[in-house]
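What follows is the residue order along each chain.
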Amino acid sequence: MLINREQIERTLIGKIINNPQDYYNNHSLLSAGLFSNSYNKRVYELISKTLDKGHKVDLVTLSENIDDIEKVAKMMSDDAIFETQTQTCVLVLNQHQKREQLKGFTLKVNKMISDDDDIFEIMEYVDEEIGKISSIDNEGVVEIKDQIGELLKSIEHKMNNEGLNGITTGFNNIDKFTGGWQETDLVIVGGASSMGKTSLALAFAFNASFYGKVPTVLFSYEMSNQQLLSRLISSDSGIDNKWILKGSLDQSELGRIHESAGRIEKTPIYIDDCNNSSLRYLVNKIRQYVITKKVKLVMVDYLQLVSNNKKGRSREQEVSEVARALKNVAKELKITIIALSQLNRGVGQRAESRPTIADLRESGEIEQAADMVVLIYRPEYYGINKDERGNSTDGLAEVIFAKGRNIGTGVLGLRFQKELTKFHEIQK
């Protein structure tokens, strides 16, 4: 069966309506300019505007703005007829578009030659049109003066903002050391079990959204959104999470919980339960949040629970590919991704239980892909009640910057309040 361009356009629209995730997955390749049929183009424009806002697309919503909705229903049923993948449809339409451009270009040049136009005018036209037909645009051409201009602006911004040039962590000492979370960076936060990895990630996410007003999403593979929200409310209200979960509260405490809930619901923070553990699902969902919610900071809890099942791959290779994919996504979308990582079980059995970068489980490519590796260490957890200077370690949490591509390494201190699973600045 011969499939023409209009059929491919209808198939593409049907696939996007039936599976909106295809839209986010192929967002960089899609545009209204792919559609030559005016009706198809109008339907696509409506779908893209709706999905960009994060809203649902179906026949009911489309019928409010489009006449002859039966055509759209037919597109959705045609999706089952053609097995071609969505990306293949997009690439075929791109080729169609280029061939049409080339055809028009050839006719125009022939006419200019026949009309004996000036040779320099012909050459100028050829130069302009070749640039349009090529997939390379001006954005792909890097100018050194533009890059230097951006660097100078960045330096001046840091001078005027006490060194903070990224997303705030919510902790002054960490902000001063890092300059804030930087776009395109992959940050790995590692710690042994019960060190407080999730609590620290939750603090980073909430602080960025509450203090910095930065849209943030937390992908949680271990805990439900209700469990994480309960922790957030506990941390903000100062009420032990144990009593919140049991409902053992008085009216005064309930009032404080409502106040905290009111503050939290006003922040641009999103918690995704991650019902699918595949890497492809995670990457597509990140793109969806970036497009629809303008997210700039992504948390993944945690790295080893993301799967990338391929035959012949070891677990270390699989985790390494996940880390590399997250770094690529951060760079592509110009966002910061903070991924939590487990440590090898043996770390707590050593005489020196303080973790090192080599303790990252299935480390391999993780430390190579990461721009920053942050390790959490609480000495009192291992029964160490005093440091080498004789100071009490009660509530002490060391935040160890084991790798910092642009900031170097170092150790900073925070206080950990166990009953609230909350990190604080150390008061001097």
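The rules behind each value
All residue numbers here refer to positions counted from 1 along the written sequence of the relevant chain. In keeping with the predicted nature of the model, local features appear solely for residues at pLDDT of at least 70, side-chain atom pairs appear and are counted solely at 80 or more, and the whole-chain, interface and lining totals rest on all residues. To get the side-chain values, take all heavy atoms of the structure and skip hydrogens and water. Think of it this way: DSSP has to see at least two bridges between two strands before they count as a pair. Only runs of H or I of at least four residues qualify as helices and only runs of E of at least two qualify as strands under DSSP, and these elements are numbered from the N terminus. Under this scheme, a helix contributes an axis fitted over its contacting stretch, all axes are lines through C-alpha atoms, and angles between N-to-C directions fall in the 0 to 180 degree range. Two residues qualify as a contact provided that any one of their heavy atoms is within 4.5 Å of a heavy atom in the partner residue. Aromatic rings from Phe, Tyr and Trp, with only the six-membered ring used for Trp, were paired whenever their centres fell within 6.5 Å, and each pair was classed as stacked if the ring planes differed by under 30 degrees, edge-to-face if by over 60, and tilted otherwise. Relative accessibility thresholds used throughout: buried, under 20% of the residue-type maximum; exposed, over 50%; partly exposed, between the two (1.4 Å probe, protein chains only). Comment: the charge-over-ring label is applied if NZ (Lys) or CZ (Arg) is within 6 Å of the ring centre and within 35 degrees of the ring normal. Note on definitions: salt bridges are taken to be side-chain nitrogens of Lys or Arg within 4 Å of carboxyl oxygens of Asp or Glu. Each cavity reported here is a set of points on a 1 Å grid over the protein atoms alone in which a 1.4 Å probe fits but cannot get out, each pocket an open set with protein on both sides within 12 Å along at least five of seven lines, and each lining residue one with an atom within 4 Å of a point. Grid points are joined across faces, edges and corners, and a volume is the space filled by probe spheres set on the points. Under the scheme applied, nonpolar residues are Ala, Val, Leu, Ile, Met, Phe, Trp, Tyr, Cys and Pro; charged residues are Asp, Glu, Lys and Arg; polar residues are all the others, including Gly. Given the number of residues in a helix, its expected span is that number minus one, multiplied by 1.5 Å. The definition of a nonpolar core used throughout is a set of buried Ala, Val, Leu, Ile, Met, Phe, Trp, Tyr and Cys residues joined through side-chain atoms within 4.5 Å. What sets the label is the angle itself: under 35 degrees gives roughly parallel, over 145 gives roughly antiparallel, 65 to 115 gives roughly perpendicular, and the rest give oblique. Note on convention: the crossing is left-handed when the near helix lies turned anticlockwise from the far helix by less than a right angle, right-handed when the turn is clockwise. Counted as a polar contact is a pair of N or O atoms within 3.5 Å, where, for protein atoms, one must be capable of donating a hydrogen and the other of accepting one, and residues adjacent in sequence contribute only when both atoms are in side chains. What pLDDT reports is the predictor's confidence in each residue, on a scale of 0 through 100.

Asker: Would you mind going over the sheet that holds strand 4 (residues 297–301) in detail, with residue names and values included?
Answerer: Across the sheet, nine strands lie side by side as 3-2-4-5-1-6-7-8-9; this open sheet has mixed pairing. The sheet terminates laterally at strand 3 (269–272) and strand 9 (422–424), the two strands that pair on one side only. For this sheet, the mean angle separating the axes of adjacent strands, direction not counted, is 25°. By the bridge criterion, five bridges tie strand 1 (residues 186–191) to strand 5 (residues 336–341) in an arrangement that is parallel. The residue of strand 5 that forms the bridge with V189 is L340. Packed on one face of the sheet, helix 10 (residues 197–210) meets strand 1, strand 2 (216–220), strand 3, strand 4, strand 5, strand 6 (372–377), strand 8 (410–417) and strand 9 and runs near 165° to strand 4.

Asker: Just give me the short version of the packing of aromatic side chains, but keep the residues and values in it.
Answerer: Remark: the centre distance and the inter-plane angle together describe each pair of aromatic rings, the angle taken between the planes. Evaluated as defined, the whole model comprises 11 aromatic pairs. Here F416 and F423 contribute two aromatic rings whose centre-to-centre distance is 4.8 Å and whose plane-to-plane angle is 50°, an arrangement assigned as tilted. Accessibility assignment for this pair places F416 and F423 in one class, buried. Ring-pair connections join several aromatic residues into one group, and the members of that group are F171, W181 and F204. For K213, the ring lying beneath its charged end belongs to F210, and the centroid distance is 5.4 Å.

Asker: I'd love a proper account of the pattern of salt bridges, names of residues and values included.
Answerer: Scanning the model with the defined rule gives eight salt bridges in all. One salt bridge connects R263 with D236, and the closest N-O pair in it is separated by 2.7 Å. Residue R263 is found in helix 13 (residues 251–265), and its partner D236 is found in helix 11 (residues 225–237); the two are separated by 27 residues along the sequence. Residue class for D236 comes out partly exposed when judged on its relative accessible area of 26%.

Asker: Explain the pairing of strand 5 residue by residue, including any values.
Answerer: In terms of burial, strand 5 is a largely internal element, six of the six residues being buried. When strand 4 meets strand 5, the two strands line up parallel, connected through four bridges. Within the sheet, the bridge partner assigned to M299 lies in strand 5 and is I338.

Asker: Please give an account of empty space enclosed by the protein that cites residues and values.
Answerer: For the structure on display, the rule yields one cavity of 30 Å³ or more. Roughly 30 Å³ of volume is contained in the largest cavity. In terms of lining, the largest cavity is formed by A192, M195, L343, V347, S353, P355, I376, Y377 and Y382. Looking at the lining of the largest cavity, its residues break down into eight nonpolar, one polar and no charged.

Asker: I'd love a proper account of helix 15 (residues 315–333), names of residues and values included.
Answerer: For an α-helix, the turn length of 3.6 residues means that residues three or four places apart are oriented alike. Taking 1.5 Å of rise per residue, 19 residues should cover 27 Å, and helix 15 covers 27 Å from first to last C-alpha, within 8% of that figure. Buried residues of helix 15: E318, V319, S320, V322, A323, A325, L326, K327, V329, A330 and L333, and no others. Residues of helix 15 that are buried sit in contact with strand 1, helix 14 (279–293), strand 5 and helix 16 (366–369). Taken from the residues just after helix 15, K334 is the one with a positive phi, measuring 55°.

Asker: Report on the nonpolar core, specifying residues and quantitative values.
Answerer: Counting residues in each nonpolar core, the largest one holds 81 residues, and the members touching the most others are I188, I286, V298, L303, L326 and I337. Dropping the residues within four chain positions of it, L303 is found in contact with I188, V319, V322, A323, L326, A339, L340 and I366. Core analysis: the next-biggest nonpolar cluster, separate from the first, contains 23 residues, I13, L30, L62 and I291 among them.

Asker: Break down the packing of helix 11 against helix 13 for me, with residues and values.
Answerer: Relative orientation and spacing of two packed helices are given, respectively, by the angle between their axes and the distance between those axes. Closest axis-to-axis distance for the helix 11/helix 13 pair is 9 Å, and the angle between their directions is 110°. Comparing their axes, helix 13 and helix 11 come out roughly perpendicular. Two packed elements cross with a definite hand, and for helix 11 against helix 13 that hand is right-handed. Contacts from L232, I233, D236 and S237 in helix 11 reach R256, I257, S260, A261, R263 and I264 in helix 13. Counted by class, the contact of helix 11 with helix 13 contains five nonpolar, two polar and three charged residues.

Asker: Break down the side chain of D371 for me, with residues and values.
Answerer: When you line up the elements, D371 lands in the loop between helix 16 and strand 6. Among the polar contacts made by the side chain of D371, one reaches the main-chain amide nitrogen of L186 at a distance of 2.8 Å. At a separation of 2.8 Å, a polar atom in the side chain of D371 contacts the side chain of K327. Not counting residues up to four positions away in its chain, the partners in contact with D371 are T184, D185, L186, K327, K403, G404 and R405.

Asker: Please give an account of the confidence of the model for the protein chain that cites residues and values.
Answerer: Mean pLDDT for the protein chain: 79, with 82% of residues reaching 70 or above. Of the regions scoring below 50 in pLDDT, residues 135–139 engages in two contacts with residues more than four places distant in sequence or in other chains.

Asker: With reference to specific residues and values, describe the pairing of strand 4.
Answerer: Along strand 4, five of the five residues are buried, which leaves the element largely enclosed by surrounding structure. A two-sided burial pattern is seen for strand 4, the buried positions comprising L297, M299 and D301 on one face and V298 and V300 on the other. Note: strand 2 against strand 4, five bridges, orientation parallel. Residue pairing for strand 4: V217 is matched across the bridge by V298.

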